[in-house]
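# Descriptive analysis of the structure
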Amino acid sequence: MTDSPVYYAENHDPAMHRAIQTARHTFKYFWREIVWDERRIVPALDLATAKIQFTQNINGEEVSEHMWVTDLFFDGTTLYGELLNDPEHLANLHAGDNIAVPLSQLSDWLFVCDGIPHGGFTIQALRAQMGEAERQEHDAAWGIDFGDPEQIWLVQGQETQPENLIEHPMCRNHIQQFAAVLDEEDPSEIDSIGEDGQTMLQRETIAGNGLVVKLLLERGADATLKDESGNSAADYAQIMQWEHILPLFGLPTAHTN
């Protein structure tokens, strides 16, 4: 990936603007996949990376570059990671730098599982403007077959299991095991603060694990506890706009009349 050629697109390109907006809107699916992959004994993702827009004032002009970041962590408001490449123009960043940015600077996300890419909205917007030969050259540089530019998957198995858009299959498959673990723990620990400064309920809400959120609330987890950012689990339900989780906190969804 680090040897991939650079492809440019005008910032005012409507297709690119739509791609960036869609990437931000759907980032929650990417983050949920990262969370579950970290819980696997053997990771399933071949690649997981996010593209971030960085800006620097150079000689009185605002210069922006979109660069890929890996080793990601997201706390519901801020995205952390490590910069993969040196910038073309910006002088204040270098490959390997640790970054922390608001989600508003995200311009794309991409994960690959079993050779199938998910996300990559700006990538596909660029590929849609290429001829077949150029697409093949582009994909060979990445080592990924990006397929039809008009077909972008958000979650694994989406074509045959669209319910995966609602609840991650690992959440469905492991909820009884999770309940058994809670049964063995001291009930007073359910609202304990982890090393990341958040409760289990906050983390699971951000990750979109509705079955776990429901279970935690049934076991008495406090939805009003706030982290250092000043957000509660109920706040994160609104921030992330997981349609299947909002009602668990008594919050309206976009489809509520």
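Located above this text is the structure these notes cover.
Note that the structure is a prediction, hence the values are computed from the model and not measured.

### Details of the overall build of the protein
Within the protein, the secondary structure is distributed over seven helices and six strands. The order of helices and strands in the protein, counted from the N terminus, is α-β-β-β-β-β-β-α-α-α-α-α-α. Its C-alpha radius of gyration of 20 Å places the protein within 12% of the 18 Å reference for a compact globule of 257 residues. Viewed in the frame of its principal axes, the protein has a C-alpha envelope of about 55 × 45 × 40 Å. Per-residue burial over the protein gives 46% buried out of 257 residues.

### Regarding unusual backbone geometry
Unlike most non-glycine residues, asparagine 59 shows phi in positive territory, near 55 degrees. Turning to its location among the elements, asparagine 59 is positioned in the loop between β1 (45–58) and β2 (61–74). In this structure, glutamine 241 is a non-glycine residue whose phi angle is positive, near 55 degrees. With relative accessibility at 32%, the residue glutamine 241 sits in the partly exposed group.

### Structural notes on the packing of aromatic side chains
For the structure on display, the rule yields eleven aromatic pairs. Taking the centre distance of 5.7 Å and the plane angle of 45 degrees together, the rings of phenylalanine 27 and phenylalanine 30 count as tilted. Taken together, the residues span about one helical turn, with phenylalanine 27 and phenylalanine 30 both in helix α1 (residues 14–39) at a distance of three residues. On the accessibility criterion, phenylalanine 30 (1% relative accessible area) is buried. Look at tryptophan 68 and tryptophan 142: their rings are 5.7 Å apart centre to centre, the planes differ by 85 degrees, and that puts the pair in the edge-to-face class. Here the residue tryptophan 68 occupies a position in strand β2, and tryptophan 142 occupies one in helix α3 (residues 132–142), the gap between them amounting to 74 residues. Accessibility classification places tryptophan 68 together with tryptophan 142 in one group, the buried group. What links up through ring pairs into an aromatic cluster is the set Phe27, Phe30, Trp31, Phe73, Phe74, Tyr80, Trp109, Phe111 and Phe121. Cation over ring: lysine 28 sits above tryptophan 242, and NZ or CZ is 5.0 Å from the ring centre. Here the guanidinium or amino end of arginine 39 rests over the ring plane of tryptophan 36, the centre of that ring lying 4.8 Å away.

### Topic: the packing of helix α5 (residues 200–207) against helix α7 (residues 233–240)
At a minimum axis separation of 9 Å, α5 and α7 run at an interaxial angle of 10 degrees. Between α5 and α7, the angle falls in the class roughly parallel. Within the contact between the two elements, α5 uses Leu201, Gln202, Thr205 and Ile206 and α7 uses Ala233, Tyr236, Ala237 and Met240. Split into classes, the residues belonging to the contact of α5 with α7 amount to six nonpolar, two polar and no charged.

### Regarding the pairing of β2
Bridge count for β1 against β2 is nine bridges, and the pairing is antiparallel. Directly across from glutamine 56, in β2, lies its bridge partner valine 63. The antiparallel pairing of β1 with β2 creates a hairpin that spans two residues between the two strands, and asparagine 59 there sits at a positive phi of about 55 degrees. Here four bridges tie β2 to strand β3 (residues 78–83), and the two strands are oriented antiparallel to one another. Counterpart to phenylalanine 74 in the pairing with β3 is leucine 79. Where β2 hands over to β3, the hairpin turn is made up of three residues, of which glycine 76 adopts a positive phi near 100 degrees.

Calculation notes
Residues numbered from 1 in each chain as written. Predicted model: local features only at pLDDT ≥ 70, side-chain atom pairs only at ≥ 80, totals over all residues. Heavy atoms only, no water. Helix = DSSP H or I, 4+ residues; strand = E, 2+ residues; numbered from the N terminus. Rg over C-alpha atoms; globule rule 2.2 N^0.38 Å. Buried < 20%, exposed > 50% of the residue type's maximum accessible area, 1.4 Å probe, protein only. Phe/Tyr/Trp six-rings, centres within 6.5 Å; stacked < 30°, edge-to-face > 60°. Lys NZ or Arg CZ within 6 Å of the ring centre and 35° of its normal. Axes fitted to C-alpha atoms, helices over the stretch in contact; angles between N-to-C directions. Parallel < 35°, antiparallel > 145°, perpendicular 65-115°, else oblique. Contact = heavy atoms within 4.5 Å. Nonpolar A, V, L, I, M, F, W, Y, C, P; charged D, E, K, R; others polar. Pairing = 2+ DSSP bridges.

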